[in-house]
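Next come the chains, spelled out residue by residue.
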Amino acid sequence: PPLPQWLAGICALLLGGFNEWTMRLPFAISGVVVVLLTVRLMTRLFDARIGSLSGVVQATTVYTVMYARLAESDMLLLVFVLGAITVFQEVETQFTTLTPSQLQRLRLAFWILLGLTNLAKGVAFGAVLIVFTCGGWILLRRDWQAVRRWWSPLGIFLGAAVAVAWPVAVVLHDP
């Protein structure tokens, strides 16, 4: 998958060259974003105390500390998966207060994040994690209207376009 290399390359170009620091920076930033998303999600589901404690736990896990320091795609995948789940949860907990335009923006963000998982880790792996998690939420709550809330032809198209753009470009370039 190309996204880890693209981000490291962009970082190197912006910061003056290829070195250990510029190659690892996107993944370190991803680790910080994972901690912030954890705080936001757990605060939304529980309260600020649980959210803060969850952020501390996430920030100190071996996985987060190790993979946020390495130039590997796992932390990027986690950002996109956790980001999509956080967007999903935002909509599900605030649905009645969202305007139609807010709902549309959040749906688009969800589907694009789902598509970005392909660029971070490979075909369908991240998408399956997101769909099973969010689908499980819908099944457990038996909220069949949620399926309608998440139906967004434009969002699905954009997510699919992001997901397949690179594999299609590779096949077209080198059949």
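Coordinates for the structure precede this section.
Let me begin by describing the structure that accompanies this report. (Residues numbered from 1 in each chain as written. Predicted model: local features only at pLDDT ≥ 70, side-chain atom pairs only at ≥ 80, totals over all residues. Heavy atoms only, no water.)

Some remarks on the pattern of salt bridges
Link 1 in the chain: This model, assessed by the stated rule, comprises 6 salt bridges.
Link 2 in the chain: The closest approach of N and O atoms between Asp74 and Lys121, which form a salt bridge, is 2.4 Å. Taken together, the residues span a long stretch of sequence, with Asp74 in helix 5 (residues 74-94) and Lys121 in helix 6 (residues 100-121) at a distance of 47 residues.
Link 3 in the chain: The residue Arg149 makes a salt bridge to Glu92 at a minimum N-O spacing of 2.8 Å. Highlighted residues: Arg149 in helix 8 (residues 145-150) and Glu92 in helix 5, separated in sequence by 57 residues. Side by side, Arg149 and Glu92 carry an identical accessibility label, which is buried.
Link 4 in the chain: A single network of salt bridges, built from pairs that share partners, joins Arg40, Arg44 and Glu90. (Salt bridge = Lys/Arg side-chain N within 4 Å of Asp/Glu carboxyl O. Helix = DSSP H or I, 4+ residues; strand = E, 2+ residues; numbered from the N terminus. Buried < 20%, exposed > 50% of the residue type's maximum accessible area, 1.4 Å probe, protein only.)

Quick notes on a nonpolar patch on the surface
Link 1 in the chain: On the surface, a nonpolar cluster with roughly 750 Å² of combined accessible area is contributed by Trp6, Ile10, Leu14, Leu15, Trp21, Trp166 and Val170.
Link 2 in the chain: Contributing elements (two or more residues each) for the nonpolar patch: helix 1 (3-14) and helix 9 (153-173).
Link 3 in the chain: For the nonpolar patch, the element with the most residues is helix 1, which contributes 3 residues.
Link 4 in the chain: Looking at where Val170 falls in the secondary structure, it is placed in helix 9. (Patch = residues over 30% accessible without salt bridge, like charges linked within 9 Å, V, L, I, M, F, W, Y side chains within 5 Å. Areas by Shrake-Rupley, 256 points an atom, 1.4 Å probe, with all protein chains shown as cover.)

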